[in-house]
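# Summary of the model geometry
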Amino acid sequence: MRLVNASGCLDALTAPDVARALDAFVTKTVTPFSREGNAPVRIAETDVGMLNSIGLANPGRNRFIAETLPRLRTLGLPLWVSVGGFSADEYAETCAQLDDVTIELNLSCPNVEEAADTAAEIVVACRAATPLPLYAKLSPANSDIPTTARAVEAAGADGLSLVNTIRGAALDERTLEPRLGTWSGGLSGPALKPIALAAVLACRRVTDLPIVGMGGVMTGRDALEFLAAGAHDVALGTTLFRDPDSPARIRAELDAEVAALGLRDVDEARDIAHDGGLAHMRFTPVRVGD
């Protein structure tokens, strides 16, 4: 299992020690041209997680490749570049200019207008443009996410990132006005976890593509559940804002959870939810310290 960050949830150049505690770093989404993003307020905390309406703010493809990417390479980490756009051609043009990275295709940002092309059409265009690994990041708002997962697999995706944020809103306690400048935004954090787990479970039933599970991973137990649901890797998002030391903490908690269940290692936890749960295992779970 690799532990990575969710795109946009960590600035590796500002917090390099936090980034190096991960197994790979995922960049903010890069679009062909620079974007200032949405009007403030862009972030709002809620009782069940965090709302954001950043709007894919980024310096644009050319500056990212010329300036940001070389600096990120000095971290000594495997890099994933999140690629966005407003047409299949825009995605493909960016992919064609990248090398020695894994590409995560952001097909599901709730804070900007989506590309008119389907997820599969975007993957087809990007597959033709690059031999690099392609992960398709899908939306939890998709009413039939397993069908989309099969479609992007057939189109040439090498993996899935599940899931992006889901649209939510919050009102100011005093004025009852929307707390975000765009009224609504992407909800992340604990409230997203059951939705994300359902997506991982559903997609794992229809594809053997590797899955990066994300959405409300705050503890080692959360990470364990994503593995049990079928994820190969786990991404941290909101927790990185609250606890910069969360990568090391979650690894330790995950090891403790695995030991408490009597499993040999984290790999043995993968897909347990699809195999009848722990009840099918021929051992009695134990508590750490017994």
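In this text the structure is predicted, and so the values were computed from the model without any measurement. (Residues numbered from 1 in each chain as written. Predicted model: local features only at pLDDT ≥ 70, side-chain atom pairs only at ≥ 80, totals over all residues. Heavy atoms only, no water.)

## A word on the overall build of the chain
Regarding its fold elements, the chain presents ten helices and twelve strands. The C-alpha extent of the chain, read off along each of the three principal axes, is 55 × 50 × 40 Å. Of all intrachain contacts in the chain linking residues separated by at least 6 positions in sequence, the fraction that spans at least 24 positions is 67%. Working note: accessible area of the chain is about 13,100 Å², and carbon and sulfur atoms make up 52% of it. The positive charge centre, built from 26 side chains, and the negative charge centre, built from 38, are 2 Å apart in the chain. (Helix = DSSP H or I, 4+ residues; strand = E, 2+ residues; numbered from the N terminus. Contact = heavy atoms within 4.5 Å. Areas by Shrake-Rupley, 256 points an atom, 1.4 Å probe, with all protein chains shown as cover. Lys, Arg positive; Asp, Glu negative; His and termini not counted. Charge placed at Lys NZ, Arg CZ, Asp CG, Glu CD.)

## Quick word on the environment of A256
As for its placement among the helices and strands, A256 is situated in helix α9 (residues 246-260). C-alpha separation for the pair A256 and P178, spaced 78 residues apart in sequence, amounts to 41 Å.

## With respect to the layout of surface pockets
Of the volumes computed, that of the largest pocket is approximately 670 Å³. Lining the largest pocket are 41 residues, with S7, G8, C9, N52 and T165 positioned closest to its centre. If you list the elements that add at least two residues to the lining of the largest pocket, you get β4 (49-52), β6 (102-106), β12 (233-236) and α8 (238-242). Tallied by class, the residues present in the lining of the largest pocket amount to 20 nonpolar, 17 polar and four charged. A volume near 330 Å³ is recorded for the second largest pocket. Top contributing element to the lining of the second largest pocket by residue count: helix α2 (residues 61-73), with six residues. Residue classes in the lining of the second largest pocket are distributed as nine nonpolar, four polar and five charged. (1 Å grid on protein atoms, 1.4 Å probe; cavity = no way out; pocket = protein on both sides within 12 Å on 5 of 7 lines; lining within 4 Å. Points joined across faces, edges and corners; volume = space filled by probe spheres on them. Nonpolar A, V, L, I, M, F, W, Y, C, P; charged D, E, K, R; others polar.)

## What to know about the sheet that holds strand β2 (residues 25-26)
Judged by pairing direction, the sheet is parallel, and its eight strands sit side by side in the order β1-β12-β11-β8-β7-β6-β5-β2 without closing on themselves. Because the sheet does not close on itself, it has two edges, and the strands there are β1 (3-5) and β2. Bridge count for strand β5 (residues 79-83) against β6 is four bridges, and the pairing is parallel. Looking at β6, one finds that W80 is bridged to T102. Strands in contact with helix α3 (residues 88-96) are β5, β6 and β7 (134-138); relative to β6, the strand with the most contacts, it is inclined by about 165°. (Pairing = 2+ DSSP bridges. Axes fitted to C-alpha atoms, helices over the stretch in contact; angles between N-to-C directions.)

## Brief notes about the confidence of the model for the chain
In this model, the chain carries an average pLDDT of 94, and 93% of its residues clear a pLDDT of 70 or more. In this model, residues 282-288 is a region of pLDDT below 50 whose contacts with residues beyond four sequence positions or in other chains number 13 contacts. (pLDDT = per-residue confidence, 0-100.)

## Remarks on the pattern of salt bridges
Across all of its chains, the model carries 18 salt bridges by this definition. A salt bridge links K193 to E225, with the nearest nitrogen and oxygen atoms 2.9 Å apart. Of the two residues, K193 is situated in helix α6 (residues 193-204) and E225 in helix α7 (residues 220-229); the sequence distance between them amounts to 32 residues. D267 is the partner of R270 in a salt bridge, and the nearest nitrogen-oxygen pair spans 3.4 Å. We classify R270 as buried; its relative accessible area is 18%. (Salt bridge = Lys/Arg side-chain N within 4 Å of Asp/Glu carboxyl O. Buried < 20%, exposed > 50% of the residue type's maximum accessible area, 1.4 Å probe, protein only.)

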